[in-house]
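Coordinate inspection notes
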Amino acid sequence: MRLTELFLLAILLIPAAHAEQPFLADRNTIQVDVLSTVGLRATLPDYSVDYVRLNISFAPQESESQQILEFTPGQNMERRGNSIIATWNQPSPGELQARAKYTLEIGRWQPKIRGKAEFPIANVPADIVQFLQPTAEVDSSSIAVIQKASELAEGEDDLYEVVFKIANWTQHNIEYNLSTLTADVSQNASWVLSNRQGVCDELTTLFIAMLRSVGIPARFASGMAYTDSPLFPDNWGAHGWAEVYFGEHGWVPFDVTYGQFGYLDSTHIKAADGVDSEHAPIGYSTESRGRGVLIETRELEIKPRIISSASMAEPDVALSISLLQPEVGFGSYNSAEVTVKNLRDYYVAVELTPSHTTRTESDEATRHLLLGPEEAKKQYFHLKVDEDLDSKFIYTFPVSVRATGNVSAIATFTAASDERVYQKSELSSLEDNGIEGKTLLSRISASCAADKPAYYTYETANVNCTVRNTGNTYLRDMGACITKCHKLELLIGQARTVTDNVSFSSPGQKTIRLKVSNLLVSETATLTVKVLDEPKLRITGIRAPEEVDYGQDFNLTFRLEKSSSSNAYKSQIKINGKKIEGNRTGAYIVPMKGSDLNEGLNLLEITAAYEDANGKEYTENQQATVTLRKLSLIQKILLFFRRAFGP
């Protein structure tokens, strides 16, 4: 009699999916009522209101899995993009209500990824890059976020495996907590990681941040979803999840709160998506024009209701279960070997939930498993038989495991006082874990840029080189050398900038080289810059008569020649401080008069002033001499007055 009671009790304890649970349906038809109410209160006797407008940011999207069968707007309402707009012209004080109704058909969304997507991701389209960038909320640049994501991704070369591992870690290590600290004020990813708690938006925010930190684009999706969790007074509520970019496969959904990795059930109603939850809000805003009135907001009401459900979705996997030991003693451990077979030709993630009867103990919780196309994997669940059983009986214990899609398997073993007692470590040594070695990819990319394309020999170039870890391993003890060496450590997807100053001793095309290496990896990046000599102008070929008379006109001739490779700018030519026309190189003929000279020997100083491209100033000076012959008395008087009063 005792044996039968134990077996029946075990059967009752095995969780069974209720046929009316809508998230098991392949497709649901759902009616959604949207109600927004604002109060309009007059604060002045002579108030006036031109209009009041509501912008309700909840408008379900058309997608591959979600169709709008009917949209019924209320009076003065229309749909614009992802919003519903309600407008009242010259309304009277009181309550203003905007009500709309959607009828949706929503199917299970499970993109069929049949081939391996490479990790790390090599190229991201320009329109997707925004979903790689950190925000105040998704602070993927946090070193703690980067470290944890890199730890999980290390050694993986399959994108689905990386995303799955990060999703699995997030769900099993961050406590879902409805405290006011996280429910009322949205915390950023690094806070959630540090405090290990949050609500659905915050779990999703951390998940997205970890993905972005290792170079995987991800975005935030918001809407409504159904739950049968006792944590919530209502089955339907606002919800957030992630969508991950898988290259040619497009966006793939991951709901870390509900444990739906790579698919969404048919009760997820999507309304918006964005770089973070602030850019994919559900709520409404008001706009009005008038005076002497106050607008009082009310909570937005969104009430989904399932009208009909299609048949339950076909299972993705098959389960079988056996016990490693068919008979054990009291107080012994036993191990349930569960084989999970993917029935699909695409990736499938399943949730496994073990169940056992009374008089056995287990610390095994729900776990997730990723299966490649048509792949089979084994999982092991441990339990321990109570020690204080009645030795007069042989006990039969059932063990069951249930998988996503209401698939289950059951097996039994017996326990008797005279059977062998197994330790957990003994059973673990018998388990076939099928652990394969990881593919470690040690790769980096490096590029360098200077602050300008050309330098003079007297200048120092400021060189910035970016080194990025493009592999799937944590790179330690790297040296990055330009003119001096820097020590680097790079987590997966992380980039660091190395800065150095480079000087030049001679002109020409110069190659600046960065060498990055450790025991696992080596990479070189080069940068070519042009180095210029300083500009040089020479004054040559000076000719002038040795002697001239007071009334004689004569020419001073010379050449201005460039003797450098670089050009001179803003050149000016002066004779004895007086600027002459011309700023070119070549021959100069400068007309002069004997009457402009002093009696006797005259020194003619030719000066060329010029600049380089940086505005640095240079001068070149040469001299010529001309003798003004002896003057008559009249000429001396004329020269005196010219010197005294000018020409």
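Keep in mind the model is a prediction, meaning the values are calculated, not measured.

1. A few points about helix α6 (residues 200–213)
Counted at 1.5 Å a residue, the expected span for α6 with its 14 residues is 20 Å, and the 20 Å between its end C-alpha atoms agrees. Counting buried residues along α6, 13 of its 14 residues qualify, which places the element largely inside the surrounding structure. Residue G215 follows α6 closely and has a positive phi angle near 85 degrees.

2. With respect to the packing of helix α2 (residues 143–153) against helix α3 (residues 159–173)
Running from amino to carboxyl end, α2 crosses α3 at an angle of 125 degrees, the nearest separation of the two axes being 9 Å. If you check the angle between α2 and α3, you find them oblique. Once α2 is placed against α3, the crossing between them reads as right-handed. In this structure, α2 uses K148, A149, L152 and A153 to contact α3, whose residues at the interface are V162, K165, I166 and W169. A breakdown of the residues in the contact of α2 with α3 according to their chemical character gives 6 nonpolar, no polar and 2 charged.

3. A few points about the packing of α3 against α6
Across the interface, α3 lies against α6 with an axial gap of 10 Å and an inter-helix angle of 145 degrees. Note that α3 runs across α6; the crossing there is right-handed. Across the interface between the two elements, V163, I166, A167, W169 and T170 of α3 pack against L203, L206, F207, M210 and L211 of α6. In terms of residue class, the contact of α3 with α6 is made up of 9 nonpolar, 1 polar and no charged.

4. What to know about a nonpolar patch on the surface
Together, L633, I634, I637, L638, F640 and F641 make up an exposed nonpolar region whose accessible area comes to about 640 Å². Tracing the backbone through its elements, the reader meets L638 in helix α8 (residues 633–645).

5. So, the state of the cysteines
Tallied over the full model, the rule gives 2 disulfides. Between the sulfur of C448 and that of C465 lies a disulfide, 2.0 Å long from S to S. On the S-S bond that ties C448 to C465, the torsion sits near 110 degrees, and the link is right-handed. Taken as a pair, C448 in strand β26 (residues 444–450) and C465 in strand β28 (residues 460–469) lie far apart in primary sequence, 17 residues in all. For C448, a relative accessible area of 15% translates into the label buried. Classification of C465 by relative accessible area gives buried; the value is 0%. Two residues, C481 and C485, share a disulfide whose sulfurs are 2.0 Å apart. Here the S-S torsion is close to 110 degrees, and the disulfide linking C481 with C485 is therefore right-handed.

Analysis parameters
- Residues numbered from 1 in each chain as written.
- Predicted model: local features only at pLDDT ≥ 70, side-chain atom pairs only at ≥ 80, totals over all residues.
- Heavy atoms only, no water.
- Helix = DSSP H or I, 4+ residues; strand = E, 2+ residues; numbered from the N terminus.
- Expected span 1.5 Å × (residues − 1).
- Buried < 20%, exposed > 50% of the residue type's maximum accessible area, 1.4 Å probe, protein only.
- Axes fitted to C-alpha atoms, helices over the stretch in contact; angles between N-to-C directions.
- Parallel < 35°, antiparallel > 145°, perpendicular 65-115°, else oblique.
- Left-handed = near helix turned anticlockwise from the far one by under 90°.
- Contact = heavy atoms within 4.5 Å.
- Nonpolar A, V, L, I, M, F, W, Y, C, P; charged D, E, K, R; others polar.
- Patch = residues over 30% accessible without salt bridge, like charges linked within 9 Å, V, L, I, M, F, W, Y side chains within 5 Å.
- Areas by Shrake-Rupley, 256 points an atom, 1.4 Å probe, with all protein chains shown as cover.
- Salt bridge = Lys/Arg side-chain N within 4 Å of Asp/Glu carboxyl O.
- Disulfide = S-S within 2.5 Å.

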